[in-house]
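These are the residues of each chain, in order.
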Amino acid sequence: MKVSPEMQERLKFLSRVIDKEIKHLNYAAQQVFDPVLPFQSVETLDSNPELAMKVEAFTSRFCRLQDTLGDKLLPALLIALGEPKQALLFNLEKAEKYGWLESSEQWIALRQLRNQMIHEYIENAQTLFDALITAHSKISVLTEFASDLEKQVGALVHQD
């Protein structure tokens, strides 16, 4: 399939952005979770502005990477492959069918972590702690999805 030069540039740009976002997410994760993030630290986050900034960076970078993958690269890649423009859920199901994503349901569950990390933590430290630990343990889901999408991008932009 012939991909327009404009679409090739868009896909390459998004791949570069995702590579940087992964690097920044991994750095933020190291700052928050190395060696471990104890619940007590989350419970007293209001009195520890340095850790609060690190947690905010991790949360922001996790959400940003997921947004870039699901809302930008995946739709652009599907369009480049001749698929119709569709809503996120349909795109995720298509990614699952192509074998790029293990589970669209898991992706949706990861998106729900956003609310827990961004909004609900104000009321409940346990909710924030659980969401942070889960997000940290699921970074590989994002990075593996990114890798699979980038392989497809590479195949599309390097064909003659």
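In every chain, residue numbers begin from 1 and rise along the written sequence. It should be noted that, the model being predicted, local features are given only for residues of pLDDT at least 70 and side-chain atom pairs only at 80 or more, the latter also being counted only at that level, while totals for whole chains, interfaces and linings use all residues. Side-chain figures throughout are based on the complete set of non-hydrogen atoms in the structure, without hydrogens or water.

Points about the side chain of Glu 150
Step number 1: With respect to the helices and strands, the residue Glu 150 is situated in helix α7 (residues 139–157).
Step number 2: The side chain of Glu 150 is buried and forms no salt bridge, while Lys 151, the nearest opposite charge, is found at 9.4 Å.
Step number 3: Beyond its immediate sequence surroundings of up to four residues, Glu 150 is in contact with Ser 15, Ile 18 and Asp 19. The numbering of helices and of strands both runs from the N terminus, where a helix is a DSSP run of H or I of at least 4 residues and a strand a run of E of at least 2. For each residue, the accessible area found with a 1.4 Å probe, counting protein chains only, is set against the maximum for its type, and the residue is called buried under 20%, exposed over 50%, and partly exposed in between. Counted as positive: Lys and Arg. Counted as negative: Asp and Glu, with His and the chain ends omitted from the count. Definition used for salt bridges: Asp or Glu carboxyl oxygen within 4 Å of a side-chain nitrogen of Lys or Arg. The contact criterion used is simple: two residues touch if any of their non-hydrogen atoms lie within 4.5 Å.

Things to note about the nonpolar core
Step number 1: In this description, a nonpolar core means a group of buried Ala, Val, Leu, Ile, Met, Phe, Trp, Tyr and Cys residues linked to one another through side-chain atoms lying within 4.5 Å. One finds Leu 11, Phe 58, Phe 62, Leu 69, Met 117, Leu 132 and Phe 145 to be the most contacted residues of the largest nonpolar core, which totals 49 residues.
Step number 2: Sorting the residues of this core by element identifies α1 (5–33), α3 (49–80), α4 (88–98), α5 (104–118), α6 (125–137) and α7 as the ones contributing at least two each.
Step number 3: Broken down by element, this core gets its largest block of residues, 13 residues, from α3.

Examining the packing of α3 against α5
Between two packed helices, the angle of one axis relative to the other and the distance separating the axes together describe the packing.
Step number 1: To define axes, lines are fitted to C-alpha atoms, for helices over the stretch in contact only, and angles between the resulting N-to-C directions are given on a 0 to 180 degree scale. Orientation of α3 relative to α5, taken along the N-to-C sense of each, is 145°, at an axis distance of 10 Å. The handedness of the crossing between α3 and α5 is left-handed. Packed against α3, whose contacting residues are Phe 58, Thr 59, Phe 62, Cys 63, Gln 66, Asp 67, Leu 69, Gly 70 and Asp 71, the element α5 presents Trp 107, Leu 110, Arg 111, Leu 113, Arg 114, Met 117 and Ile 118 at the interface. Crossing handedness is defined as follows: a turn of the near helix away from the far one that is anticlockwise and smaller than a right angle gives a left-handed crossing, while the clockwise case is right-handed.

A word on the packing of α3 against α6
Step number 1: It is at 11 Å that the axes of α3 and α6 come closest, and there the two elements cross at 55°. Between α3 and α6, the crossing angle belongs to the class labelled oblique. Judged by the twist between their axes, the crossing of α3 over α6 is left-handed. Between α3 and α6, the residues in contact are Val 55, Phe 58, Thr 59 and Phe 62 and Leu 132, Ala 135 and His 136, respectively.
Step number 2: Just so you know the grouping, Ala, Val, Leu, Ile, Met, Phe, Trp, Tyr, Cys and Pro go in nonpolar, Asp, Glu, Lys and Arg go in charged, and all remaining residues, Gly too, go in polar. Considered class by class, the residues forming the contact of α3 with α6 number 5 nonpolar, 2 polar and no charged. Oblique is the label for every angle not falling under 35 degrees (roughly parallel), over 145 degrees (roughly antiparallel), or within 65 to 115 degrees (roughly perpendicular).

What about unusual backbone geometry?
Step number 1: In this structure, Pro 35 follows Asp 34 across a cis peptide bond, with omega equal to 10°.
Step number 2: Position of Pro 35 among the secondary structure elements: in the loop between α1 and α2 (39–43).

Considering a negative patch on the surface
Step number 1: Together, Glu 93, Glu 96, Glu 102, Glu 105 and Glu 144 give the surface a local cluster of negative charge.
Step number 2: For Glu 102, the position within the fold is in the loop between α4 and α5. Patches draw on residues past 30% relative accessible area with no salt bridge. Two like charges within 9 Å are joined, as are two nonpolar side chains (Val, Leu, Ile, Met, Phe, Trp, Tyr) within 5 Å. Accessible areas in this description were obtained via Shrake-Rupley with a 1.4 Å probe; residue shielding takes into account the shown protein chains only. A charge is said to be at NZ when it belongs to Lys, at CZ for Arg, at CG for Asp and at CD for Glu.

Side note on the packing of aromatic side chains
Step number 1: Ring pairs are drawn from Phe, Tyr and Trp, using the six-membered ring of Trp, whenever the two centres fall within 6.5 Å, and their geometry is named by plane angle: stacked under 30 degrees, edge-to-face over 60, tilted for the rest. A complete count under the given rule lists 5 aromatic pairs for this structure.
Step number 2: Arranged with centres 6.1 Å apart and planes meeting at 35°, the rings of Phe 58 and Phe 62 form a pair that is tilted. Taken together, the positions of Phe 58 and Phe 62, both in helix α3 and 4 residues apart, correspond to about one turn of that helix. Exposure class is identical for Phe 58 and Phe 62. Each is buried.
Step number 3: Following the ring pairs from residue to residue traces out a cluster consisting of Phe 33, Phe 58 and Phe 62.

Notes on the environment of Ala 80
Step number 1: Its place among the elements puts Ala 80 in helix α3.
Step number 2: Taking the C-alpha atoms as reference points, Ala 80 and Leu 156, separated by 76 residues in sequence, lie 8.2 Å from one another.

In short, shape yes, function no, at least from these values alone.
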